[in-house]
Amino acid sequence: MTPALEIHEVHKRFGRLHALRGVNLAVEQGEFFALLGPNGAGKTTLINILAGLSRATQGRCEVMGHDVVADYRNARRSLGVVPQELVYDAFFTVREMLRFQSGYFGIRRNDAWIDELLHHLALTDKADTPTRTLSGGMKRRVLVAQALVHKPPVIVLDEPTAGVDVELRQNLWEFIRRLNRDGHTIVLTTHYLDEAETLCRRVAMLKQGQVVALDTTRNLLSAHAATQVRLQLDPHRLPDALRPLLAGEAAGFFNLVLDDYAALEGVLTTLREANVAVTELEVAKPDLETVFLQLMGKTT
Amino acid sequence: MTGLWTLFYKELLRFWKVSLQTVLSPLVTTLLYLLIFSHVLAAHVQVYPGVGYTSFLIPGLVMMAMLQNAYANSSSSLIQSKMAGNIVFLLLPPLAYWEFFAAYVAAAVVRGLVVGIGVGLAGLWFAPMAVVHPLWLVLFALAGCAMLGMLGIITALWAASYDQMAAVQNFLIMPLTFLSGVFYSIHSLPPFWQALSRYNPFFYMIDGFRYGFFGMSDVSPALGLSIVGGCCLALSLTTLALLKSGYKLRN
Ligand SMILES: Nc1ncnc2c1ncn2[C@@H]1O[C@H](COP(=O)(O)OP(=O)(O)O)[C@@H](O)[C@H]1O
Ligand SMILES: [Mg+2]
C-alpha cells in the first residue's frame, strides 16, 4: 500500500541554519503518528515542506504517493494541515471561512459537511460569528475545521491542543480518534507527551533536525525508559555505592533510576549489606516523557 | 475553476464589507479634488478647444481614482494576509499560481471600476460629459486597473512590513499618478518635464482614457494603448513568474 507520507532525505537550510538534516520517515495509511521534539527541533519546518508552504533545500516528500512539488495539486488535496499559529481572517465569519476553504479545494456546495464539522467541533452556535471575536480555543477549532473541509485522507495537526482547555481537548481528541477509525491517517505534534502516549501507536522523535528515535510507542517505552524507584529508608541514609543512581530526593524519598527491573535486586542487596532497611518502595511506570528527556539529553 | 471563482468572490466580499472605507471614502476624496480644482482653475485653463476645464478634469480624476483603488485593493489584501498569517489558507489548497493572479487582478479591476464609475456619475453633476469613443475608454480603463492591480501584488509580495508598503505607495505610485497629467495637459509643461512625462506609463493611461471622452489627446490613442498594453504584458509576466516561484510566499 502507498504510504500516507513519505519523507526522503529531506534537508532544509535557512541561510546558515541547518534546520533539517536528512530526515527519512514513512507513515503508513491509517496510522496515528506523533512527531515529537523540543522547540526548534524542526517539526513545523517539516510539516511546512509537506504542505508546500516551504520548499526543501534537498530531498523529496510524497503525500499518498504524490510528490509535493511536481504533483502539488494531488498532494495538497490529500492533505489537511492545522497550522501551529493561531491564524484567522478578521473580515469573515466562521461559515464564510469554511465555504471559501471548500471552494479553494474545488468543492462547490459543502454545507452538509461544514455543518457536521461545526457540530463535532462545538462551533455550531458560532457559525455566523466573525472569526476575530472568537476565543483562542475556538479559533484553534476553526483551524481544525478548515483543515477538514475537503475530507483529506491525511491530517497533520501542529500542536492542535495548545491553548485549548482540558475538556475541549478531550472532545477534540475524541473527534480526531473517530477520524482515525474512519480511515484517516493522523500525524500530530504536541507538547503534552501523555497525549501522544495514549493516542499514538508510533512515534518519531526529532532533535536538531534529525530523527533520533522512530518506533512504536510500546517499544520506545520498554527499550528506553529507565525504571524509576522511590525509596524511603531507615536510617535515612543512602549508601555511597548507590549514589550514582540517585536522580533526586523529595519528601523523604530517594529517587533512583535503574536500567531495568533486574537492577533492583542489586540495590536491595547493597542496602541490606549496609544495614539500611526499606520502609517504603514505589516503582514508577516508564512514560514517554522519561524516554523523551533521556533521548533529548543524549548528545548525538 | 471553482478555486479561482471562490478567491475572486472572497476578494470582492472583502472590500465590499468595508465599502465605507474602500469605495465611499475615495469617492469623496476625488470629488473634493474636483470641487476645489475646478473652482480655482476653471476660469484660467483651457486645454482642448471647446472643452471646459472641469470637463477636462473629470476623466483624469476618474482614471486616477480607478488606478489608486485597483492598486489599493490587491496590495492591501495581500499584505494583510501576509502579516496576519492567514495567507496559509490560500497556500495550503491546490490553487494554481495563475488562479491566484487572475483572482487578485480581477478583484482589483472591479474595485477600480466601481469607484471610477461612482466618480464619473458624480462628476456629471459638475459638468456635462459625453463619450466619443467608448471602446477606447473601456480598454484604457481595464488595462490601467489591471496594471495597477499587478503592481499592487508585486509590492505586497516584496514588502516585509506595512512601512515598506507605504513607502512604495507614497514615493512611487502617488507621484506617478499625480505627475501623469490628471490636472493639466503635458503640452503646458516646460520641455524637460514634458519629455520626462513620456516615460511615465500612467500618463498614457490618463491621456488615452481622456481620448475616449473627447476624441482628443496629447498622443495618439493607438500609441498609448500599445505602451500601456506592453507594460501590462511585462507586469503580468513578472507577477506570474514571482507567484510561480513562490517568491516570499513559500520560502
Ligand atoms: N522562516 C524561517 N527562517 C529562518 N529560520 C527558521 C524559519 N523557520 C524556522 N526556522 C528555524 O528552524 C528551526 C526549526 O524550527 P521549527 O520547525 O519551527 O521547530 P519546531 O516546530 O520543532 O519547534 C528553528 O531553529 C527555527 O528558528
Ligand atoms: Mg513548531
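Reference entry: report on the structure contained in this document. (Residues numbered from 1 in each chain as written. Chains lettered and ligands numbered in written order. Predicted model: local features only at pLDDT ≥ 70, side-chain atom pairs only at ≥ 80, totals over all residues. Heavy atoms only, no water.)

Points about the coordination of the magnesium ion (ligand 2)
Residues and elements named next belong to chain A. Spelled out, the test is: A donor here means any N, O or S atom no more than 2.8 Å from the metal (3.2 Å for Na, K and Ca); water is not included, so a site may seem to lack partners. Helix and strand assignments come from DSSP, with helices taken as H or I runs of at least 4 residues and strands as E runs of at least 2, each series counted from the N terminus. With a 1.4 Å probe rolled over the protein chains alone, any residue whose accessible area is under 20% of its type maximum counts as buried; one over 50% counts as exposed, and the rest are partly exposed.
Bound to the magnesium ion (ligand 2) are the protein donor atoms Thr-44 (OG1) and Gln-84 (OE1), situated 2.0 to 2.2 Å from the metal. Residue Thr-44 is located in helix α1 (residues 43-51), and its partner Gln-84 is located in the loop between β6 (79-82) and α3 (94-104); the two are separated by 40 residues in the primary sequence. Overall, Thr-44 belongs to the partly exposed group, its relative accessible area being 26%. A relative accessible area of 28% means that Gln-84 is categorised as partly exposed.

Brief notes about the layout of surface pockets
Put simply, the rule reads: Cavities and pockets are found on a 1 Å grid laid over the protein atoms alone: a cavity is a set of points where a 1.4 Å probe fits but cannot escape, a pocket is an open set with protein on both sides within 12 Å along at least five of seven lines, and a lining residue has an atom within 4 Å of such a point. Grid points are joined across faces, edges and corners, and a volume is the space filled by probe spheres set on the points. Three categories are distinguished: nonpolar for Ala, Val, Leu, Ile, Met, Phe, Trp, Tyr, Cys and Pro, charged for Asp, Glu, Lys and Arg, and polar for the others, with Gly belonging to the last.
In this structure, the largest pocket occupies an estimated 530 Å³ of space. Asn48(A), Leu53(A), Glu85(A), Val88(B) and Asn251(B) are the residues nearest the centre of the largest pocket, which is lined by 21 residues in total. Elements that contribute at least two residues to the lining of the largest pocket include exactly α1 of chain A together with α4 (88-91) of chain B. The greatest single-element share of the lining of the largest pocket, amounting to four residues, is contributed by α1(A). Of the residues contributing to the lining of the largest pocket, the split by class is 10 nonpolar, seven polar and four charged.

Observations concerning the interface of chain B and chain A
Selection criterion: In this description, contact between two residues means that some pair of their heavy atoms is separated by no more than 4.5 Å. By buried area we mean the combined loss of accessible area, with a 1.4 Å probe, across both parts when two parts are placed together. Salt bridges are counted wherever a side-chain nitrogen of Lys or Arg sits within 4 Å of a carboxyl oxygen of Asp or Glu.
Contacts between the two partners involve 31 residues from chain B, matched on the other side by 31 residues from chain A. Between chain B and chain A the total buried area reaches about 2600 Å² when both faces are included, carbon and sulfur atoms providing 62% of it. A per-residue breakdown of the area chain B buries against chain A is headed by Phe89(B), Leu92(B) and Pro94(B), which together make up 29% of the total. Our enumeration of links across chain B and chain A arrives at two salt bridges. Notably, a salt bridge pairs Glu99(B) with Arg73(A), separated by 3.0 Å at the nearest N-O pair.

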